[in-house]
Amino acid sequence: MANNKIRHPSAYAGKRIASPEQTYESSNMKHPVFCFQYIDSVYGIEKCEKNEKLDILKTLFQLSLQNWRDLLQKSKSQKGFTTIPREQLRRPAPSHLTDDTSIIKVRFKDAKTLLGYRGDDGVVFHIVWIDRDFTLYDHGK
């Protein structure tokens, strides 16, 4: 009698684990997803005024309509993502971030900024700080 069971391939069969660079490259055509899981208590959303919260929401909506590649190619004045040296921060980064993780910023109103990092999957942008009063880092640099 024949065995009628169908063997399904493993979900990981034939797949290699991608490096972060490969993951970012393959996810650059995807739209960013925003996460507040690691938001700082001093520079968090609860410190924002009602109009600032609305400005943040509008900015995140506009950013979500674009893909990572386009956002990374725009300048800061065009509401693109730019990086800042970690040494410029006046608050410690979350302990789970490695030294090679880039700190990314994007403007949400005038020169007010959202700062965070791109997750390992290359799609999620983890917002860690909301610099609404220009005290988190030196904005002149």
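Residues numbered from 1 in each chain as written. Predicted model: local features only at pLDDT ≥ 70, side-chain atom pairs only at ≥ 80, totals over all residues. Heavy atoms only, no water.

**Focus on the side chain of Thr-59**
Item 1. Relative to the helices and strands, Thr-59 resides in helix H2 (residues 50-64).
Item 2. Excluding residues within four positions of it along the chain, Thr-59 makes contact with Lys-79, Arg-107 and Phe-108. (Helix = DSSP H or I, 4+ residues; strand = E, 2+ residues; numbered from the N terminus. Contact = heavy atoms within 4.5 Å.)

**Quick look at the pattern of salt bridges**
Item 1. This model, assessed by the stated rule, comprises five salt bridges.
Item 2. Measuring nitrogen to oxygen at the nearest pair gives 2.6 Å for the salt bridge that ties Arg-132 to Glu-52. Placement of the pair is Arg-132 in the segment after strand E5 (124-131) and Glu-52 in helix H2, with a sequence separation of 80 residues.
Item 3. For Arg-132, a relative accessible area of 21% translates into the label partly exposed.
Item 4. By relative accessible area, Glu-52 is classed as buried at 4%.
Item 5. The partner of Asp-70 in a salt bridge is Arg-69, and the shortest N-O contact between them spans 3.1 Å.
Item 6. One salt-bridge network, in which partners are shared between bridges, spans Glu-49, Glu-52, Lys-112 and Arg-132. (Salt bridge = Lys/Arg side-chain N within 4 Å of Asp/Glu carboxyl O. Buried < 20%, exposed > 50% of the residue type's maximum accessible area, 1.4 Å probe, protein only.)

**Here we look at the packing of aromatic side chains**
Item 1. This structure, assessed with the given rule, holds five aromatic pairs.
Item 2. Centre to centre, the rings of Phe-81 and Phe-125 are 5.1 Å apart; their planes meet at 45 degrees, and the pair counts as tilted. Separated by 44 residues along the polypeptide, Phe-81 in the loop between helix H3 (68-73) and strand E2 (82-84) and Phe-125 in strand E5 bring together distant segments of the chain.
Item 3. On the basis of relative accessibility, which here comes to 4%, the residue Phe-81 falls in the buried class.
Item 4. Here the basic side chain of Arg-118 rests over the ring of Trp-68, its NZ or CZ set 4.1 Å away from the ring centre. (Phe/Tyr/Trp six-rings, centres within 6.5 Å; stacked < 30°, edge-to-face > 60°. Lys NZ or Arg CZ within 6 Å of the ring centre and 35° of its normal.)

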